[in-house]
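# Notes for the structure review
Next come the chains, spelled out residue by residue.
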Amino acid sequence: MILEVAILNVKIGQEKQFEIDFATAGQFISSIKGYKKHTLQKCLEQNNKYILLVDWESLEDHTIGFRQSLEYLEWKKILHHYYDPFPTVEHYETIIENKK
């Protein structure tokens, strides 16, 4: 499993509409092969800062399957105008997992 992590800095004053549009855009990412789940979390210290966490089966499911799809073009059209600066996206794999 691969975890995609993106820090999203939304233009100040556009947070509420971003959250509404993000909920709509979720249908596009969730339809992609290899998609497991995603979470959008809002920063408590900075009202316009969010973190996006997406679980993928493989790196290629995100970098090729999603990023080269028609669904990505819709995602991009709905969300990309909110970001300043444009987010850096990184991918992580689990090395150690501790469950209670």
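Right, let's walk through the structure included here. Sequence order sets the numbering: in each chain, residues are counted from 1 along the sequence as written. The predicted origin of the model limits local features to residues at a pLDDT of at least 70 and limits the giving and counting of side-chain atom pairs to 80 or more, whereas totals for whole chains, interfaces and linings rest on all residues. Excluded from the side-chain calculation are hydrogens and water; included are all heavy atoms of the structure.

It is worth spelling out the side chain of Asp55 at this point. Along the chain, Asp55 falls in strand E3 (residues 49-56). The buried charged residue Asp55 lacks any salt bridge partner; its closest oppositely charged side chain belongs to Lys37, at an N-O distance of 4.1 Å. Should any heavy atoms of two residues lie within 4.5 Å, those residues are considered in contact. Sequence-distant contacts of Asp55, that is, excluding residues within four places in its chain, are made with Met1, Ile2, Leu3, Gly34, Tyr35, Lys36 and Lys37. Working definition: helices are DSSP H or I runs of at least four residues, strands are E runs of at least two. Numbering for both runs from the N terminus. Residue burial is assigned from relative accessible area. The probe radius is 1.4 Å, only protein chains are included, and a residue is buried under 20% of its type maximum, exposed over 50%, and partly exposed in between. Charged residues are defined here as Lys and Arg on the positive side and Asp and Glu on the negative side; His and the ends of the chain fall outside this count. Salt bridges are counted wherever a side-chain nitrogen of Lys or Arg sits within 4 Å of a carboxyl oxygen of Asp or Glu.

Another point: helix H3 (residues 70-79). An α-helix turns once per 3.6 residues; consequently, residues spaced three or four apart project the same way. If you check which residues of H3 are buried, you get Tyr72, Trp75, Ile78 and Leu79. Take H3 and look down its axis: the buried residues cluster within an arc of 125 degrees, on one side only. Every exposed residue of H3 that faces more than 90 degrees away from the buried side is listed here: Leu70 and Lys77. As used in this structure description, the phrase polar contact means that two N or O atoms lie within 3.5 Å; if the pair is within protein, one of them must be able to donate a hydrogen and the other to accept it, and residues adjacent in sequence are counted only when both atoms belong to side chains. At the N-terminal boundary of H3, the capping side chain belongs to Ser69, with an oxygen 3.4 Å from the backbone nitrogen of Glu71. What the arc measures is the spread of directions leading from the helix axis to the C-beta atoms.

Right, let's talk about the environment of Asp84 for a bit. Here Asp84 is to be found in the loop between H3 and strand E4 (89-93). Residues Asp84 and Ile12, spaced 72 residues apart in sequence, show a C-alpha to C-alpha distance of 9.2 Å.

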